[in-house]
Amino acid sequence: MAKVKTIYSCTECGASAAKWQGQCPGCAVWNTLVETIAEPVTNSNSRFAALGGTSKLQTLSEIEAREEDRLPTGIAEFDRALGGGLVAGGVVLIGGDPGIGKSTLLLQALAELSAGNQVLYVSGEESGQQIAMRARRLSLDTKNLKLLAEINLEKILATLQSERPQVAVIDSIQTLWSDQLSSAPGSVAQVRECAAQLTRLAKQTGITVILVGHVTKEGALAGPRVLEHIVDTVLYFEGDTHSSFRLIRAVKNRYGAVNEIGVFAMTDKGLKGVNNPSALFLSQHGQDVPGSCVLVTQEGTRPLLVEIQALVDQSHGNPRRLTVGLEAQRLAMLLAVLHRHAGVVCFDQDVFVNAVGGVKIAEPAADLAVLLAIVSSLKNKALPSKLIVFGEVGLAGEIRPAPRGQERLKEAAKLGFTRALIPEANKPKHPIDGIEVIAIRRVEEAVERLRELD
Ligand code: TYD
Ligand code: MG
């Protein structure tokens, strides 16, 4: 194939240069020039023409809105995160740390799918032999599972065109390279180009493409999140590689709800779905310990009970604030609120906060639990046993309600918790069996009520 002309264009302003340079000639920002294929503007047969589809002007009501047909993968928790299953022509990106189980899950899903569908597993990371070994270890039925060990994009596209599988997995997008670009595999230019070409093919042919993407140290998908807006669905794998539990979280889904999670346990027979995960993230202490507070968080439609642990310790030098699984900025804010409104002083203390089990909690309803865990650790006094907490804390010291309070309370009651310290606005109209509700309005009130309970 003749070499296509490439240029360097700025990811910030779109200006282009013939050669790479450190600073963009257009907007003067550094390190934003990325190799791209130079495309004549007049070419109507452009490589991306199919991405646009037909463009007839019409009203929304004229368009037939039909539910997309779903192809269930046969792995219930995966389908849940996908919003019911795969969609023909949909492009799914699965991100996660190395070794978390992306390849394992997709191999299991393809094996299930291969019973009634044409599937293709493209591996750029492992050899056919390694994958076959893994499939054998997982006792998967792989008679109809086709494998292609390849990293050249053009060859992969040609194979997809001729084989026309219903579902294709690309493991991983960072190993692919297109011979149109001279950048190295894994560079922003290559990742973007390969994903765009695969997406174009998926839309043209109706093949469902699942891309595996590695996450860089900073937690973003390599290729500055360039993939996230190209694809239809973005799923992230979370979990502590030291524990066996894994979460799949949808962060973007053009075909369903986001923030629905799938929960798995990694076993010696691969990933197994956990249907009833609400008690998974509670550490099993024999007795109540200071610095531990149980939060009911809501993930999609499911409430999850997560233990929040805090350790407050005399600081030597600059006090440290560290969070695992929670937002660090928010911790600083909570400590300020705690000081100003409840008079609890932590400025000479190191504060560490951890969400047990490697879950990441983004919702502000975790605030109150973090705050009470800190108070408990500081006073070296365990919180009352069988207590759950949720609620957002405002800068004025007010406790704001959390969405779906009733469901959270019911789940906690189901798991044997008997007391709930929650925002006034979340107080249920009718009492919930087995759980005593302590409704509060302000931070100082929360700290005060803790002293009375035991
Ligand atoms: P893998 O799917 O290769 O991760 P990724 O593709 O996200 O990099 O996951 C491999 C890890 O999972 C590896 O550390 C071993 C573990 N594992 C099990 O515990 N049980 C199993 O049955 C398999 C296949 C892997
Ligand atoms: Mg892998």
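Scope of this entry: the structure provided in the associated data block. (Residues numbered from 1 in each chain as written. Chains lettered and ligands numbered in written order. Predicted model: local features only at pLDDT ≥ 70, side-chain atom pairs only at ≥ 80, totals over all residues. Heavy atoms only, no water.)

**Some remarks on the pairing of strand 1 (residues 6–10)**
Counting buried positions along strand 1 gives 5 out of 5 residues, so the element sits mostly inside the fold. Burial of strand 1 is two-sided: the residues Thr6, Tyr8 and Cys10 facing one way and the residues Ile7 and Ser9 facing the other way are all buried. Across 5 bridges, strand 1 lies against strand 3 (residues 33–37) in antiparallel orientation. Pairing of Cys10 across the sheet is with Leu33, part of strand 3. Once strand 1 ends, the chain turns through 5 residues before running back antiparallel as strand 2 (residues 16–17), passing Gly14 with a positive phi of about 85 degrees. (Buried < 20%, exposed > 50% of the residue type's maximum accessible area, 1.4 Å probe, protein only. Helix = DSSP H or I, 4+ residues; strand = E, 2+ residues; numbered from the N terminus. Pairing = 2+ DSSP bridges.)

**Here's the deal with the pattern of salt bridges**
Per the counting criterion, the structure on display carries 17 salt bridges. We note a salt bridge from Asp232 to Arg254, for which the minimum N-O separation is 2.8 Å. Residue Asp232 is located in the loop between strand 10 (208–214) and strand 11 (233–238), and its partner Arg254 is located in the loop between strand 12 (245–253) and strand 13 (261–267); the two are separated by 22 residues in the primary sequence. Look at Arg254 and you get partly exposed, because its relative accessible area is 47%. Glu363 serves as the salt-bridge partner of Arg408, at 2.8 Å between the closest nitrogen and oxygen. Placement of Arg408 in helix 9 (residues 405–414) and of Glu363 in the loop between strand 18 (349–355) and helix 8 (367–378) is noted, with a sequence separation of 45 residues between them. A relative accessible area of 18% means that Glu363 is categorised as buried. (Salt bridge = Lys/Arg side-chain N within 4 Å of Asp/Glu carboxyl O.)

**Digging into the packing of aromatic side chains**
Per the counting criterion, the structure on display carries 0 aromatic pairs. Above the face of the Phe417 ring, Lys386 is positioned so that its terminal group lies 5.8 Å from the ring centre. Across from the ring centre of Phe390, 5.3 Å away, lies the NZ or CZ of Arg408, which sits over that ring. (Phe/Tyr/Trp six-rings, centres within 6.5 Å; stacked < 30°, edge-to-face > 60°. Lys NZ or Arg CZ within 6 Å of the ring centre and 35° of its normal.)

**Digging into the environment of Leu71**
As for its placement among the helices and strands, Leu71 is situated in strand 4 (residues 70–71). Along the chain, Leu71 and Gly325 lie 254 residues apart, while their C-alpha atoms are 33 Å from each other. Discounting residues that sit within four places of it in the chain, Leu71 has contacts with Gly85, Leu86, Leu113, Asn117 and Val167. (Contact = heavy atoms within 4.5 Å.)

**Let's talk about the sheet that holds strand 3**
The strand order across the open sheet formed by 3 strands is 2-1-3, and the pairing between neighbours is antiparallel. Edge positions in the sheet fall to strand 2 and strand 3, since each of these pairs with one other strand and no more.

The analysis is restricted to geometry; functional conclusions fall outside its scope.
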